[in-house]
Amino acid sequence: MTNDPPGESAQPSTDQKTRKVQRFWPLVSAFAVLVVAVLIGALVMLRGAGNPLGFDTEWMDEILEHRSPVWEIPSLAMNYLGGGVIGVFIVPMAIIAALCLFRRFWAALYFTAATVLSAGLVQLLKSLFGRARPEEILVHADFGSFPSGHVANATTMAVVLAIILRRSWIWVAGIVYVILMLLSRTYLGAHWLSDTFGGLLLGVGVAVIVWAPMANRLFRENERRHRFVLARAR
């Protein structure tokens, strides 16, 4: 029988798991990269010369049939929320600032690294594949349809915050947010459905890859009590 306080004996087990992830992070990262690369590569191989896949055209036909101002307004709202100055700068900087104010510096570093890497890979793949966007697009967008930067950004943010904060409702909210972003991008004709799948896979892969080497530090930071940085010490 041990004299450990209630609940304390469970901590070494979790701590040991995160240490194992951190110790073998090259293998974890390599596996994640391989899976994402294979899935994206297979998707690109199937589409052939940038042409949409069968389910791409079928989904776009459904979108065109049901377009109306009722759905256009929320789709445009998601467009501005997930991209441009708001999505690329304001929202990420607000999240980073909030994490720092609550002394979650490792979490802020994790979020920053994942966000920057995700955005960089999106632009790299856009330039590499050069896939044309659908002709029925309703918003102004740069060249390069695959993968969806909005969906990749939304997925990266959702997974990173869920890992950092470890709350079930955050996972649920993140999934809903990503689905809404996916639907809005195809509704506006900014992407084929397969583009959004590519962005989703990329976002998940980046979030896991960047998390691996920081897993133990993030776990230890999360176990501490987080006081607001401006709060007076008692």
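Here's a quick rundown of the structure. The numbers attached to residues start from 1 for each chain and follow its sequence in the written order. With pLDDT at 70 or above as the cut-off, local features in this predicted model cover only qualifying residues; side-chain atom pairs require 80 or more to be listed or tallied, and sums for whole chains, interfaces and linings still use all residues. Just so you know, side-chain values use all the structure's heavy atoms and leave hydrogens and water out.

## Some thoughts on helix α6 (residues 105-129)
Point 1. In this model α6 runs 36 Å from its N-terminal to its C-terminal C-alpha over 25 residues, within 8% of the 36 Å that 1.5 Å per residue would give.
Point 2. Taken together, the buried positions of α6 are occupied by Ala107, Ala108, Tyr110, Phe111, Ala114, Thr115, Ser118, Val122, Leu125 and Lys126. In this description a helix means any DSSP run of H or I spanning at least four residues, a strand means any run of E spanning at least two, and both kinds are numbered starting from the N terminus. How far a helix is expected to stretch is found by multiplying one less than its residue total by 1.5 Å. Throughout this description, buried means an accessible area under 20% of the type-specific maximum (1.4 Å probe, protein chains only), exposed means over 50%, and partly exposed covers the range between.

## What about the packing of aromatic side chains?
Remark: the centre distance and the inter-plane angle together describe each pair of aromatic rings, the angle taken between the planes.
Point 1. Between the rings of Phe, Tyr and Trp (Trp by its six-membered ring), a pair exists once the centres lie within 6.5 Å; its type follows the angle of the planes, with under 30 degrees stacked, over 60 edge-to-face, and the other angles tilted. Inspection of every chain in the model, using the stated rule, returns 2 aromatic pairs.
Point 2. Centre to centre, the rings of Phe129 and Phe146 are 5.3 Å apart; their planes meet at 80°, and the pair counts as edge-to-face. Taken together, the positions of Phe129 in helix α6 and Phe146 in the loop between α6 and α7 (149-165) put the pair 17 residues apart, joining distant regions of the chain.
Point 3. Given the relative accessible area of 25%, Phe129 is considered partly exposed.
Point 4. Owing to a relative accessible area of 1%, Phe146 belongs among the buried residues under this scheme.
Point 5. We call a charge positioned above a ring when the Lys NZ or Arg CZ atom is no farther than 6 Å from the ring centre and deviates by at most 35 degrees from the ring normal. For the cation-ring pair, Arg67 lies above Tyr187, with the distance from its terminal atom to the ring centre recorded as 5.9 Å.

## Observations regarding the side chain of Thr155
Point 1. Note on placement: Thr155 falls in helix α7.
Point 2. The exposure class of Thr155 is buried, given its relative accessible area of 3%.
Point 3. In this structure the side chain of Thr155 is engaged in a polar contact, spanning 2.8 Å, whose partner is the backbone oxygen of Val151.
Point 4. Among residues more than four places away in sequence, those in contact with Thr155 are Val178, Gly199, Leu200, Gly203 and Val204. Polar contact is the term for a pair of N or O atoms within 3.5 Å; when the atoms are in protein, one must be able to donate a hydrogen and the other to accept it, and sequence-neighboring residues count only if both atoms are side-chain atoms. Any pair of residues with heavy atoms lying within 4.5 Å of one another is described as a contacting pair.

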